[in-house]
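A look at the structure
The primary structure of each chain is shown beneath.
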Amino acid sequence: MKKTNPSSSSKDNNFDREQYLYLTTRGRKSGLPREIEIWFTYRERRFYLIAECPTSSWVQNLRADPKVQIRVAGQSYTAQARFITSEAEPELHRAIAGLSTKKYGWGDGIVVELVADFVGS
């Protein structure tokens, strides 16, 4: 995987202009790579996804194996996923829902945070 260090604010702005992120998970049963195109938001060097349905295959795959690959703005990264609940992290959950609503007109569902390999670089 190609890695870059998007430390400049111009790179962060590129993420904000992108409409889609390409997420590759491992199939929880097959172990095969599964890629989806999905809406996302970007905040404080982290990517956020929102799942409308908890039974979506990609959500179930993440629960089984949170290590993922992502492609966005012409760059590829490895990342670690974690679920953000409104009970445990209400302010973050609300902020991400608000960003998604502003960007796409929709922000309800399960929030997933992706910490990409460039964080801390």
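Before reading further, recall that the structure is shown in the block above.
Now for a look at the structure at hand.

Cut-offs and rules
- Residues numbered from 1 in each chain as written.
- Predicted model: local features only at pLDDT ≥ 70, side-chain atom pairs only at ≥ 80, totals over all residues.
- Heavy atoms only, no water.
- Pairing = 2+ DSSP bridges.
- Helix = DSSP H or I, 4+ residues; strand = E, 2+ residues; numbered from the N terminus.
- Axes fitted to C-alpha atoms, helices over the stretch in contact; angles between N-to-C directions.
- Contact = heavy atoms within 4.5 Å.
- Phe/Tyr/Trp six-rings, centres within 6.5 Å; stacked < 30°, edge-to-face > 60°.
- Buried < 20%, exposed > 50% of the residue type's maximum accessible area, 1.4 Å probe, protein only.

1. Points about the sheet that holds strand β2 (residues 33-39)
Across the sheet, which stays open at both edges, the seven strands sit in the order β2-β1-β5-β6-β7-β4-β3 with antiparallel pairing between neighbours. For this open sheet the edge positions go to β2 and β3 (41-43), each flanked by a neighbour on one side alone. Strand after strand, the sheet turns through a mean of 35° between neighbouring axes, direction not considered. Pairing geometry for strand β1 (residues 20-26) and β2, over seven bridges, is antiparallel. Within β2, the position partnered with Leu21 by the bridge is Ile38. Here helix α2 (residues 57-64) sits on the sheet in contact with β1, β2, β4 (46-51), β5 (67-72), β6 (75-84) and β7 (110-116), set at roughly 55° to β1. Contacting β2, β3, β4, β6 and β7, helix α3 (residues 90-104) crosses the sheet at an angle of about 130° to β3.

2. Digging into the packing of aromatic side chains
Per the counting criterion, the structure on display carries seven aromatic pairs. With centroids separated by 4.9 Å and ring planes inclined at 70°, the aromatic side chains of Phe15 and Phe47 adopt a geometry described as edge-to-face. With Phe15 in helix α1 (residues 9-17) and Phe47 in strand β4, this residue pair connects regions lying 32 residues apart in the sequence. As far as burial versus exposure is concerned, Phe15 and Phe47 are alike and both buried.

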